[in-house]
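What the coordinates show
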Amino acid sequence: MTTETATLAGGCFWGMQDLIRKMDGVISTRVGYTGGDVENATYKNHGTHAEGIKVVYNPEKISYRRLLEFFFQIHDPTTENRQGNDRGMSYRSAIYYADEAQKAVALDTIADVNASGLWPDRVVTELEPLGAFWEAEPEHQDYLERIPNGYTCHFIRPDWVLPKRTAAE
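Residues numbered from 1 in each chain as written. Predicted model: local features only at pLDDT ≥ 70, side-chain atom pairs only at ≥ 80, totals over all residues. Heavy atoms only, no water.

The strand order across the open sheet built from six strands is 7-6-1-3-2-8, with neighbouring strands paired in mixed fashion. A strand with exactly one partner marks an edge of an open sheet, and here the two such strands are strand 7 (126-129) and strand 8 (133-135). Strand-to-strand twist in this sheet, taken as the mean axis angle between neighbours without regard to direction, amounts to 35°. The sheet contact formed by strand 2 (residues 26-34) and strand 3 (residues 50-57) spans eight bridges and is antiparallel. Residue pairing in the sheet places tyrosine 33 in a bridge with glutamate 51 of strand 3. Lying on the sheet, helix 1 (residues 13-20) is in contact with strand 1 (4-10), strand 2 and strand 3; it crosses strand 2 at an angle near 170°. Contacting strand 1, strand 3, strand 6 (93-97) and strand 7, helix 3 (residues 100-116) crosses the sheet at an angle of about 150° to strand 6. (Pairing = 2+ DSSP bridges. Helix = DSSP H or I, 4+ residues; strand = E, 2+ residues; numbered from the N terminus. Axes fitted to C-alpha atoms, helices over the stretch in contact; angles between N-to-C directions. Contact = heavy atoms within 4.5 Å.)

Rendered as structure tokens:
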């Protein structure tokens, strides 16, 4: 089986991991810190890193585009450095692309989200090349599986769904 990896940041990593891991075609998820300036980042010392999620998936079952569409549905990509009550650079929206193909899909998806008029404002999601990903401490991994009523600011927004693309697109 061939796998690919997506690295995303959209606020507190607990809720993102909980929702994305349930998608058909997602093989594994790990939460951590990415996109910042501190080596060996930790929860107590992650500098300008965002709380992120690394998603390993089977591209024969789910596309990178579909992952991004869901990512934009479960967090608000129009709020800068904020998700719900969480504020600061740690909670920014970002896509960290592994190659030019991922970058192109991300740019296309962001353009479609902006053009749709379904979101409350324009997307402020950062689009950056993938750098180091520092895996979070064990107590942050699978948090909402272990603590089902724990904190999350992520949820599926049924009105934030892009129209289906035609075969010609």
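From this point, things continue past the structure.
The next subject is the packing of helix 1 against helix 2 (residues 64-74). The interhelical angle for the contact between helix 1 and helix 2, taken along N-to-C directions, is 130°, at an axis separation of 11 Å. Compared by their axis directions, helix 1 and helix 2 come out oblique. When the axes of helix 1 and helix 2 are compared, the crossing they make is right-handed. Across from Met16, Leu19 and Ile20 in helix 1, the residues of helix 2 making contact are Leu67, Phe70, Phe71 and Ile74. (Parallel < 35°, antiparallel > 145°, perpendicular 65-115°, else oblique. Left-handed = near helix turned anticlockwise from the far one by under 90°.)

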